[in-house]
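Here's the letter readout for the chains.
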Amino acid sequence: MERTLSIIKPDGVSRGLMGEIVKRFENNNIRIIAMKLVRMTKSQAEGFYAVHKERPFFGSLTDFMSSGPALVMVLEGENVIAKNRELMGATNYKDAAEGTIRRDFANDIEKNVVHGSDAPETAAVEISYFFNQFEIVG
Ligand code: UDP
């Protein structure tokens, strides 16, 4: 069993995509074991995306991520890190495969609707960035 952090980014929440995306997780045998809406401050968004701090898009990305509520979730399942990345599609919606969340809903490389951890180590760090042990129904 594996765990990963999923975020429906502020664009996904404001466009009313929460239900549709949660449904895709449920339909794919992924268990949601924690869930909450968060409104990140600029500095919380900077902390979350610290690995990208030297990238040219860092300022804009962290403005966007702190621009409104986001839905953060812990997902659990077999190979859920890869499975979630597959459901999400490529970072750039233009490269995302047919039927993926980003292909179906994104139209901007930055405002691309969802985030998903990319490896077990980052998943552990990202989950604990948002949730304590009492908020996760294991
Ligand atoms: N991003 C961007 N411009 C780029 C690359 C990435 O605005 O050229 C944003 C986009 O929102 C992406 C996030 O930065 O989801 C993190 O980038 P990463 O390469 O980690 O992609 P992800 O893991 O989200 O697919």
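Residues numbered from 1 in each chain as written. Predicted model: local features only at pLDDT ≥ 70, side-chain atom pairs only at ≥ 80, totals over all residues. Heavy atoms only, no water.

- As annotated in an unreviewed UniProt entry, the protein chain carries the name Nucleoside diphosphate kinase and comes from Desulfonema magnum.
- UniProt's Sequence similarities (unreviewed entry) comment on the protein chain is quoted here verbatim: "Belongs to the NDK family."
- The UniProt entry for the protein chain carries the following text under Function (unreviewed entry): "Major role in the synthesis of nucleoside triphosphates other than ATP. The ATP gamma phosphate is transferred to the NDP beta phosphate via a ping-pong mechanism, using a phosphorylated active-site intermediate." (UniProt positions renumbered as here; feature names shortened; annotations may be inferred.)

Details of the pairing of strand β1 (residues 2-8)
Here is step 1: Of all the 7 residues making up β1, 5 are buried; the element is thus mostly covered by neighbouring parts of the structure.
Here is step 2: Bridge analysis of β1 against strand β3 (residues 70-77) gives 7 bridges, and the strand direction is antiparallel. Within the sheet, the bridge partner assigned to L5 lies in β3 and is V74.
Here is step 3: Where β1 lies against strand β4 (residues 114-116), 3 bridges are found, and the strand directions are antiparallel. Bridging across to β4, I7 finds its partner in H115. (Buried < 20%, exposed > 50% of the residue type's maximum accessible area, 1.4 Å probe, protein only. Helix = DSSP H or I, 4+ residues; strand = E, 2+ residues; numbered from the N terminus. Pairing = 2+ DSSP bridges.)

Remarks on the site of the ligand
Here is step 1: Neighbouring the ligand are K9, Y49, H52, F57, L61, R85, T91, R102, I109, E110 and N112.
Here is step 2: Here an oxygen atom of the ligand and a backbone polar atom of E110 are 2.8 Å apart.
Here is step 3: Protein burial of the ligand: of its 510 Å² of free accessible surface, 81% is covered by the chains.
Here is step 4: Taken together, the residues of the shell around the ligand break down into 4 nonpolar, 3 polar and 4 charged. (Near = heavy atom within 4 Å. Polar contact = N/O pair within 3.5 Å; in protein donor to acceptor, adjacent residues only side chain to side chain. Areas by Shrake-Rupley, 256 points an atom, 1.4 Å probe, with all protein chains shown as cover. Nonpolar A, V, L, I, M, F, W, Y, C, P; charged D, E, K, R; others polar.)

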